[in-house]
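Analysis of the macromolecular model
For reference, the chains in residue letters:
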Amino acid sequence: MKILLVEDDIEISNMLKSFLMTENFQVITALDGESACEKFFQEEYSLVLLDLMIPKLSGMEVLKRIRGTSTVPVIIISAKDTDSDKTLGLGLGADDYIAKPFSVAEVLARIKANIRRNTTYAAGQQQKEEEQLKIGELLMKTKDYSVEKNGEKIELTAKEFEILKLLMKNPKRVYTKEQLYSSIWNDRYCEDENAVNVHISRLRSKIEDNPRSPKYIVTVWGIGYKMGDVE
C-alpha cells in the first residue's frame, strides 16, 4: 500500500517514512503543498498523511484539492491542536486528526483503521454499482458487459468497455494516458500514446452524438481524459 506523507519537518518526515516502511508501506514524501498536489495527482494512494503548516500551499488548500477529485483517506497531522482547526479540517473532508507530538504507534493504528474502513466502504459501494452505471443517455450493466444508449445496445470491445467503465465509475477524476494504460492494459506505460488514443477515438465514435465534439469522454488539455458533466 502506498502513502503520501506531506510534512515539511525533515526529521519527522524521515522518522515516519522509516517506521512505515518497516510496516511494509510504500511512502512517497512531499515537503510543501505544491509538491504534494503534484505527486498526489501522478499516482494512486491508499492514504494521505497531511501536515497543516506547510509552505507554498497550506495543508487546508491541499486537502480541498484532493477532495475535489478523490475520496482517499486523509489524516491530518498538525501542531495546531485547536477545536477550530480540527473542525475545519474534518469539515473539508479529512478522515482523522492527530495532534503533534504523537507516537508512531498511534499513527500506525490510525492509518490501518482508516484504510480498513475505506476498503470496507469501497467494497460495499462496488457491490451496489456492479449492477449498472448510468450517465446521461448511457447505461452500463457491468455483470453482463453491456452498454446501451437511449435503449439501443452499443457493441464495445473488451478494452473499450473497461475504459468506459473506469471513467463512468470515477466521473470527477481526470486520468492521464499513462494511468489509463496502466489500469486497462495492466502493464507499464512505455510512452506510446497510440494505443490509448486509438481506443478513445473508437469509443467516442460509438457513444458520442458528435465524436468531434464529445460530451461523454472529454479531453482535459495537457492532462488526459475524464467523463463529461452529462445529465
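An account of the accompanying structure is given in this report.

How each quantity is defined
Residues numbered from 1 in each chain as written. Predicted model: local features only at pLDDT ≥ 70, side-chain atom pairs only at ≥ 80, totals over all residues. Heavy atoms only, no water. Buried < 20%, exposed > 50% of the residue type's maximum accessible area, 1.4 Å probe, protein only. Helix = DSSP H or I, 4+ residues; strand = E, 2+ residues; numbered from the N terminus. Contact = heavy atoms within 4.5 Å. Core = buried A, V, L, I, M, F, W, Y, C linked by side-chain atoms within 4.5 Å. Arc of directions from axis to C-beta. Phe/Tyr/Trp six-rings, centres within 6.5 Å; stacked < 30°, edge-to-face > 60°. Salt bridge = Lys/Arg side-chain N within 4 Å of Asp/Glu carboxyl O. Polar contact = N/O pair within 3.5 Å; in protein donor to acceptor, adjacent residues only side chain to side chain.

Topic: helix 7 (residues 177-185)
If you check which residues of helix 7 are buried, you get Q179, L180, Y181 and I184. Packing partners of the buried residues in helix 7 comprise helix 6 (158-169), strand 10 (175-176), helix 8 (194-207) and strand 12 (224-227).

So, the nonpolar core
Of all hydrophobic cores here, the largest spans 27 residues; its most connected members are L138, V147, L164, M168, L180 and I207. Tallying contributions element by element places helix 6 first for this core, with six residues. Every residue in contact with L138, bar those within four places of it in the chain, is listed here: L133, V147, E148, K149, I154, L164, M168, I207 and Y216. Counting 22 residues, the second-largest nonpolar core is a separate cluster that includes M60, I66, V74 and Y97.

Some details on helix 3 (residues 59-67)
Buried within helix 3 are the following residues: G59, M60, V62, L63 and I66. Down the axis of helix 3, the smallest arc covering the buried residues is 160 degrees, so these residues share one side.

What about the packing of aromatic side chains?
Evaluation of the coordinates by the stated rule reveals three aromatic pairs. A centroid spacing of 5.1 Å and a plane angle of 85 degrees characterise the contact between F40 and F41, whose relative ring orientation is edge-to-face. Judged by relative accessible area, which is 38%, F41 ranks as partly exposed. Ring centres of F40 and Y45 lie 6.1 Å apart, and the angle between their planes is 10 degrees; on these two criteria the pair is classed as stacked.

Notes on the pattern of salt bridges
Applying the stated rule across the entire model yields 14 salt bridges. Ionic pairing is found between K206 and E160, a salt bridge with its closest N-O pair at 2.7 Å. Separated by 46 residues along the polypeptide, K206 in helix 8 and E160 in helix 6 bring together distant segments of the chain. Taking relative accessible area as the criterion, E160 reaches 2% and is therefore assigned buried. Among the ionic pairs, D209 bridges to K215, the shortest N-O distance being 3.5 Å. The exposure class of D209 is exposed, given its relative accessible area of 55%. Residue class for K215 comes out partly exposed when judged on its relative accessible area of 34%.

What about the side chain of R173?
Within the secondary structure layout, R173 lies in the loop between helix 6 and strand 10. Given a relative accessible area of 16%, R173 falls into the buried group. Engagement of the side chain of R173 in a polar contact is seen with the side chain of E44, the distance being 2.2 Å. If sequence neighbours within four positions are ignored, R173 has contacts with E44, T69, Q179, Y225 and K226.

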